Amino acid sequence: MPSPLFADRPAQPPESGAVDALISQTRRLRGEVDAVRRDSAVDEDDPQQRWQRALCDLAVHQLDDLGAHLGQLKAGLPGSAAPSEAAPSDAAAAYAGPVLDAVPGQRRTGSLLSRVGSAEWDLLTDDVHWSDELFQIFGRPRESGPMSLDELPSMVFAEDQPVLQAMVTDCLIDGKPIDGEFRIVRTDGRVRTVHMTGEPVLDADGCTASMWAVLRDVSELRRSERAVRETRDNLRRHQHIEHTERRVAVELQEAVLPPWRGSLRFAHDGPAPLDVAGHYLPAAAPGLIGGDWYDALALPDGDALLTVGDLTGHGVAATSSMAMVLGALRGMAVAGIRPGALLGHLNQLLETSVQPALGSAMCCRYDPATQLLTWSQAGHPAPLLFRDGTGRALGRPEGVLLGATTHAAYEEAATRLLPGDLLLLHTDGLTRTVGRPDDPAGTERLLGLGGRLAAARDAQECVRAVLEEFAEGPREDDACVMVVRVGH
């Protein structure tokens, strides 16, 4: 289909005011995007930040190209001068100037103007005209002269030569517009990607008289697009891995934490059986599945094991370590090992683990016959004892964090519980919220719940009261809380 562009058809320049407004808008937007790019701190280990930076780079390149095109559009087509003799338009230079000034050390030869060139091949006289910018794109000295259509493929990648030949043939024979890309090897050995658009120019008889083309060096643009694709794919892989790890961590956590929901009643052999309820509170960030645990277990000798703890870290590593520690803790408690010695063995276990970790823990053993609570702690908040509506923190025996030092010894303390007493065990994440990583008033807030806890019907209602008190803001870390109520 012949092109509608004829050799004797004059070019119609756009209105100057409208293009000036577009140039100003593009220049302003380009500056704003570049400011965002400069102000954005990029963590090379964060795939999302790398993807965002690549998008900014791509947007800057596209706005640069848009500004250059608008500048040339305002200038209109050259007059009678040959394209090779035409100087860059003032409008294009006006756009390129501020951009170049914003980039320290940027030379004029690397400006926007050098990335867009034009050419015309006259089929009747074999004359060829190249603009100065096209010589720069190809890295070809001007004294070597422009290249004919037959010579042009010699600088094109071998695998891209059929693309160029097909575009030229379709244009010259079938009158089809040219629109395609190919790679060239410049005379200095550098590889560039060139986008070529053009049309045949027909004479009065409808025959092809010449072919003109505009060639753009789109190497940086394609490089930015490739960077966006690669960082986007990397981000998707990272998100998929995070999703998978979170699912595994959640499933592992659900498999390890106590299966019971609501209140658990056991230790019925003595005068003061226990009513126990616990709850796990996730962190605000969905990926922060940590190593917090709580557990209550009836032991073979009639005693009850009560424990809460927290291992450092998040994700599969933390939950798998938590599963190992909680399994070992249950096994040693069933074997009759006392709380102090039990924490010593857990400390040694974490030291020799393939995945070293630090952790805090509370281990209590309750004898329902004597109503005696024997307990040890490893760098953990003390239990809170509520009696007759008044609460206090029990004095902590000595004990360092699990995994912190070799051959650590853990002291024991003993407290006799009375019917109606209420014991509250928790991990430190309960009182730590976003913006208040170390809330000194957290324990006081818990102790202030004495009246509500005393009026509660069972341990589960006590847990709900605690959750209501500490649910006003997003959690910085996950947490566990367990309430133990001594029956009458």
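A few points on the structure. (Residues numbered from 1 in each chain as written. Predicted model: local features only at pLDDT ≥ 70, side-chain atom pairs only at ≥ 80, totals over all residues. Heavy atoms only, no water.)

## Considering empty space enclosed by the protein
Here's step 1: This model, assessed by the stated rule, comprises one cavity of 30 Å³ or more.
Here's step 2: Reported here for the largest cavity is a volume of approximately 40 Å³.
Here's step 3: Residue lining of the largest cavity: His61, Asp65, Arg115, Asp217, Val218, Glu220 and Leu221, and that is the complete set.
Here's step 4: If you list the elements that add at least two residues to the lining of the largest cavity, you get α2 (47-75) and α6 (219-256). (1 Å grid on protein atoms, 1.4 Å probe; cavity = no way out; pocket = protein on both sides within 12 Å on 5 of 7 lines; lining within 4 Å. Points joined across faces, edges and corners; volume = space filled by probe spheres on them. Helix = DSSP H or I, 4+ residues; strand = E, 2+ residues; numbered from the N terminus.)

## Re the sheet that holds strand β12 (residues 384-387)
Here's step 1: On the basis of which strands lie adjacent, the open sheet formed by six strands has the order β6-β7-β16-β15-β12-β13 and antiparallel pairing. Since the sheet does not close on itself, it has two edges, and those belong to β6 (264-266) and β13 (390-393), each with one partner. Averaged over all pairs of adjacent strands, the angle between their axes in this sheet comes to 20 degrees, without regard to strand direction.
Here's step 2: Examined bridge by bridge, β12 and β13 share four bridges and lie antiparallel to one another. Paired with Leu385 across the bridge in β13 is Arg392.
Here's step 3: Relative to strand β7 (residues 274-281), helix α11 (residues 459-469) is tilted by about 30 degrees, and along the sheet it contacts β7, β15 (422-426) and β16 (479-486). (Pairing = 2+ DSSP bridges. Axes fitted to C-alpha atoms, helices over the stretch in contact; angles between N-to-C directions. Contact = heavy atoms within 4.5 Å.)

## Observations concerning the pairing of β7
On a regular strand, each side chain points to the face opposite its neighbour's, so the side chains alternate between the two faces of the sheet.
Here's step 1: Within β7, seven of the eight residues are buried, which leaves the element mostly enclosed by the surrounding structure.
Here's step 2: The pairing of β6 with β7 spans three bridges and is antiparallel. Bridge pairing in β7 links Leu264 to Val276.
Here's step 3: Taken together, the eight bridges between β7 and β16 define a ladder with antiparallel strand orientation. Following the sheet pairing, Leu274 is matched in β16 by Val486. (Buried < 20%, exposed > 50% of the residue type's maximum accessible area, 1.4 Å probe, protein only.)

## Structural notes on the pairing of strand β10 (residues 359-367)
Here's step 1: For β10, the buried fraction is high: eight of the nine residues fall into the buried class.
Here's step 2: Where strand β9 (residues 304-314) lies against β10, eight bridges are found, and the strand directions are antiparallel. Bridge pairing in β10 links Asp310 to Ser360.
Here's step 3: Pairing analysis gives seven bridges linking β10 to strand β11 (residues 372-378), with the strands arranged antiparallel. Residue pairing across strands places Tyr366 opposite Leu373, the latter belonging to β11.
Here's step 4: With antiparallel pairing between neighbouring strands as the criterion, β10 and β11 make up a hairpin whose turn holds four residues, including Gln371 at a positive phi of roughly 60 degrees.

## Here's the deal with the packing of aromatic side chains
Here's step 1: In the structure shown here, the tally under the stated rule is two aromatic pairs.
Here's step 2: Ring geometry for Trp130 and Phe138: centres 5.1 Å apart, planes at 40 degrees, overall tilted.
Here's step 3: Given a relative accessible area of 1%, Trp130 falls into the buried group.
Here's step 4: According to the relative accessible area criterion, Phe138 is buried, its value standing at 0%.
Here's step 5: Taken together, the aromatic side chains of Trp130, Phe135 and Phe138 make up a single cluster linked through ring pairs. (Phe/Tyr/Trp six-rings, centres within 6.5 Å; stacked < 30°, edge-to-face > 60°.)

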